[in-house]
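Coordinate inspection notes
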Amino acid sequence: MEGAQESPAESGSSVPWSEEPAGSAKVPEVSLSEESEGCTRPLEATPPKLCGYLSKFGGKGPIRGWKSRWFFFDERKCHLYYSRTAQDANPLDSIDLSSAVFDCKADAEEGTFEIKTPNRIITLKAATKQAMLYWLQQLQMKRWEFHNSLPALPAAHDAALAGNGPALRLELEQEEEEEEAFLCPVKTPTDLVGVAAAWQPVHARPSALQNISLKHLGTEIQNTMCNIRGNKQTQGANHRPPGEDSPLSEETQREEQPSPPGPGAPGKDPANSLKSSLTTSLIRKAKSQSNTFPLFSEGLMRNRTAQEKVLALEQQVLMLTKELKAQKELVKILHKALEAAQQEKRVSSAYLAAAQDKDRLELVRHKVRQIAELGRRVEALERERESLAQTASLQEQEIRELQQHVQLLLDKNQAKQQVICKLSEKVTQDFMKAPEEADRDFLSQQEKMEHLKDDMEAYRTQNRFLNSEIHQVTKIWRKVAEKEKALLMKCAYLQAQNCQVESKYLAGLRRLQEALGVEAGECSELLRQLIQEALQWEASEASADSVVLSPSTISEYDEYGFLTVPNYEVEDLRLLAKIQALEVHSHHLLAHEAVERPLRERWATLGELAPSAELKQLLRAGVPHEHRPRVWRWLIRLRVQHLQAPGCYQALLSRGQACKHSAARQIELDLNRTFPNNKHFTCPTSSFPDKLRRVLLAFSWQNPTIGYCQGLNRLAAIALLVLDEEESAFWCLVAIVETIMPADYYSKTLLASQVDQRVLQDLLLEKLPRLMAHLGQRHVDLSFITFNWFLVVFADSLISNILLQVWDAFLYEGIKVVFRYALAIFKYNEEALLRLQDSLEIYQYLHFFTKTICDSRKLMHIAFNDMNPFPMKQLRQLRAAHRERLEAELNELEQLKAEYLETRAAQGPAVPEGSPSEDEGEAEP
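Residues numbered from 1 in each chain as written. Predicted model: local features only at pLDDT ≥ 70, side-chain atom pairs only at ≥ 80, totals over all residues. Heavy atoms only, no water.

The name recorded for the chain in an unreviewed UniProt entry is TBC1 domain family member 2A isoform X1, from Bos indicus.

Of the regular secondary structure elements, the chain holds 33 helices and 7 strands. When the 925 residues of the chain are sorted by exposure, 34% land in the buried category. The long-range fraction of contacts in the chain, counting pairs at least 24 apart against all pairs at least 6 apart in sequence, stands at 69%. With an accessible surface of roughly 58700 Å², the chain has 56% of that area assigned to carbon and sulfur atoms. (Helix = DSSP H or I, 4+ residues; strand = E, 2+ residues; numbered from the N terminus. Buried < 20%, exposed > 50% of the residue type's maximum accessible area, 1.4 Å probe, protein only. Contact = heavy atoms within 4.5 Å. Areas by Shrake-Rupley, 256 points an atom, 1.4 Å probe, with all protein chains shown as cover.)

A word on the UniProt feature "coiled-coil region" (unreviewed entry) in the chain. Feature annotation in UniProt assigns "coiled-coil region" (unreviewed entry) to the following positions: residues 303-412 and 442-469. For the annotated span residues 442-469, helix accounts for 100% and strand for 0% of the residues, and the straight-line distance between the end C-alpha atoms is 40 Å. (UniProt positions renumbered as here; feature names shortened; annotations may be inferred.)

Of all 5 residues in strand 6 (residues 112-116), 4 are buried, a share of seventy percent or more. Relative to strand 6, strand 5 (residues 101-103) runs antiparallel, the two being bridged by 3 bridges. The residue bridging Phe102 from the neighbouring strand is Ile115, located in strand 6. Bridge count between strand 6 and strand 7 (residues 121-125): 5 bridges; the pairing is antiparallel. Residue Ile115 lies in a different strand from strand 7, and its bridge partner there is Ile122. Taken together, strand 6 and the strand that follows it, strand 7, pair antiparallel across an intervening segment of 4 residues. (Pairing = 2+ DSSP bridges.)

What follows covers the packing of helix 27 (residues 800-813) against helix 28 (residues 816-828). The N-to-C vectors of helix 27 and helix 28 enclose an angle of 145°; their axes lie 8 Å apart at closest approach. For the pair formed by helix 27 and helix 28, the contact residues are Gln805, Val806, Ala809, Phe810 and Glu813 on the first element and Val817, Val818 and Tyr821 on the second. (Axes fitted to C-alpha atoms, helices over the stretch in contact; angles between N-to-C directions.)

What follows is about the packing of aromatic side chains. A full pass over the atoms with the stated rule returns 19 aromatic pairs. Centre to centre, the rings of Phe562 and Phe675 are 5.4 Å apart; their planes meet at 80°, and the pair counts as edge-to-face. Of this pair, Phe562 sits in the loop between helix 14 (539-548) and helix 15 (571-605) while Phe675 is found in the loop between helix 19 (664-671) and helix 20 (679-682), placing the two residues 113 residues apart along the sequence. Take Phe562: its relative accessible area is 11%, and that puts it in the buried class. Ring geometry for Tyr845 versus Phe848: centroids 5.7 Å apart, planes at 75°, classification edge-to-face. Placement of both Tyr845 and Phe848 in helix 30 (residues 839-848) is noted, with a separation of 3 residues, approximately one turn of the helix. An aromatic cluster of at least three residues, connected via ring pairs, comprises Trp789, Phe794, Phe826, Tyr845, Phe848 and Phe849. (Phe/Tyr/Trp six-rings, centres within 6.5 Å; stacked < 30°, edge-to-face > 60°.)

Moving on to the nonpolar core. Formed by 121 residues in total, the largest nonpolar core has its most connected members in Trp603, Leu712, Ile736, Tyr746, Phe794 and Phe826. Contacts of Phe794, omitting those with residues within four sequence positions, involve Trp789, Leu803, Val806, Val818, Tyr821, Ala822 and Ile825. Core analysis: the next-biggest nonpolar cluster, separate from the first, contains 29 residues, Phe71, Tyr82, Ala100 and Phe102 among them. (Core = buried A, V, L, I, M, F, W, Y, C linked by side-chain atoms within 4.5 Å.)

This part is about a nonpolar patch on the surface. Taken together, Tyr351, Leu352, Leu361, Val364 and Val368 make up a surface patch of nonpolar side chains, about 460 Å² in accessible area. Of all elements in the fold, only helix 10 (297-353) and helix 11 (357-433) reach the threshold of two or more residues within the nonpolar patch. Here the nonpolar patch takes 3 residues from helix 11, the largest share from any one element. Looking at the secondary structure, you find Val364 in helix 11. (Patch = residues over 30% accessible without salt bridge, like charges linked within 9 Å, V, L, I, M, F, W, Y side chains within 5 Å. Salt bridge = Lys/Arg side-chain N within 4 Å of Asp/Glu carboxyl O.)

Glancing now at the pattern of salt bridges. If you walk through the whole model with that rule in mind, you get 28 salt bridges. Put simply, Glu109 and Lys125 hold a salt bridge, and the shortest N to O gap is 3.2 Å. Pair noted here: Glu109 is in the loop between strand 5 and strand 6 and Lys125 is in strand 7, with a separation of 16 residues, a long-range link. Judged by its relative accessible area of 47%, Glu109 falls in the partly exposed class. Under the relative-accessibility criterion, Lys125 is labelled buried at 17%. Across the salt bridge formed by Arg694 and Glu726, the nearest N and O atoms sit 2.5 Å from each other. Placement of the pair is Arg694 in helix 21 (residues 688-702) and Glu726 in helix 23 (residues 726-740), with a sequence separation of 32 residues. Under the relative-accessibility criterion, Arg694 is labelled partly exposed at 33%.

Now the structure itself:
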């Protein structure tokens, strides 16, 4: 194959493989480094180039059909180029394989497969099934190599994955093992694929007119002109003397010449040797068949004789074993008889040898005793014989019964055999009636079975390929998903940096404006123009960016309808609001992946809610937007389950419709002043004002001692925005006023609210002594600012995302959370307050400084960590002490008021001297 590549390319033929224009269909030239590496490696390790002829289905009208095309894969771009012939200089078109999938159908024509890209589907056909599988397998490998050779992930992502190195390596190894299980290497069809295929005749090439691509007619003309020029150059180079032949012709002649006979057979004719080899192979094959399958008579007879011999020998062994056993028993009996005879002989000898009658008498008595003992033994044996005889009779009876049963079984078997014979005769008769039809059916069934086997093999091959395709596409998808995640993280970091740069730019403009003051000039006019441009809202660009990117840019409204950048009348405040919105968005982008995503995953896995330390920490960190309504309903039900009754809210609404409440007028006045920066309460078509009116009226009937107090409208509005249900918002308001806050927090005297302000002053003196000393020197009273914080739980002060995070913990832990966050707000802005020296500047800063808080995580850390220890016992003691003092002050004021009224009543109406009286005025004409 290498020789076929080098000889035509370097000799200047019509296939200029050594030169490759951009996007051409030819084989690229190998660089020097690659050639040197290829020389050091063995020839088998060099990967073959993926190119060859395939048929492509295309065209329109009468010329629509299969067209032969030369395909070549470009590894740098992962594109599959194709041209009409291998000699064409320019490709007709290319197929992007980086996002393509491959498919082959078992019921399609042999060798047909598809390449599916996002834009089109290309149908190709190889000459053989093996060539099709080779192309599909190689294209899969090239696509996978291209995705593995893409640039590495960002450094941050690599650092994040560094700890999971072994796990990822193990996963990749498992995937490689699975891939090996899926993919079976296909043998390379050398005559159909590779550079050498350019010189092979194309299988079933269509006519020249049908093979021309009208879609790429200009490219066809260019390729034709290049081929004509190449042929002329080749003809000029081929004018040589008759004795000289080209290397290619010499190689062809060497290939066409028959190979010389081997040294083992010097004078043998090749044809005779071939015939003799065929004969020998046939004889060997016949012998092997006769030895392998014992279907011939001789082999069968041999096998049967051997079996009979084995059986005869086994019988002889069995007989000899029995005879040997009998002989052993006989020897034992004779041995016993011999011992008895010897004993008898010894006794007789002793009897004859005895000298006295007494000794002989003793011997006779001994003999008598032996005879008696033998008699008893004979009786025992007789009894044993009788028992054995009974046992034998029983066994004979059982044998007779078994014989009867066997006879019955034999009769049944004979009857079945008769039935089988009759059925066999019937089947034979039926078969003899229509032998031709049976043969045809049998042959058709055999043919169907063969077709089904072929279909099974085709589907099995298709299944293996599709499994490997799905497996590889899944791996590519995972890799692309990881890269997309890394790019989104990088985009979030870049957007956060952009927001920080923009906020610094706006802050610089503001400081420059403060430095210039009201001085007129070109600089101040230019500065004013820059500020106006920075404050303009580009909603179209923001919406376009939000469609493209997941961490979208700043939107006009947040998820609860609050304006992200409030439209203040004062330009300086609008500029500060824009700076604060950019800072908030920057912090959100930076904390999205590191903090918010794990928090969302933890809330998603949290099942049934129950009071616990973990839930407390999760609520302090903030509830995600999608889980907040469910969590708040659970928290409210935990607070008011002893107050809730079915139909209570509807009954209160009906009562409000029946008669008008005294607080209805004040409620109507406060509806229009509720959250003017929220679109749900400012839009004329919104249903939220009507819902809020019904909730406040129902609460005024629910708690007549309070009725309605300014500030309740904001509490109920926050509940409506989150829960989006009137009844849930109503019970949330009940939970705050009647269970979380002290009893007289919203009474006419606001006694508990005033107590909490004094408690806050003591806590500020304890936690932030330097700040309180600074504010005390300038006679700044913080209660003017903090009183509203406690009354509406920061509803007018903090931005929405921080406000709702405060409410998440407030609904679970109670009023102590409000104290913690109030202290944290002053701690957050302590340095900025210490830099202010004028009391007027301090009051101006205190009116909007809560809106400058951007980092919710920092504020939460200050509230729940830096403010510790914060025992509830201390809070109760401070409240009790200040409540006692405040009640004493109120009682003293009541006494002073009563004394004043008594004094005024005792003095009566007094008229100053010299002033005309009303009576005198009326007496005048």
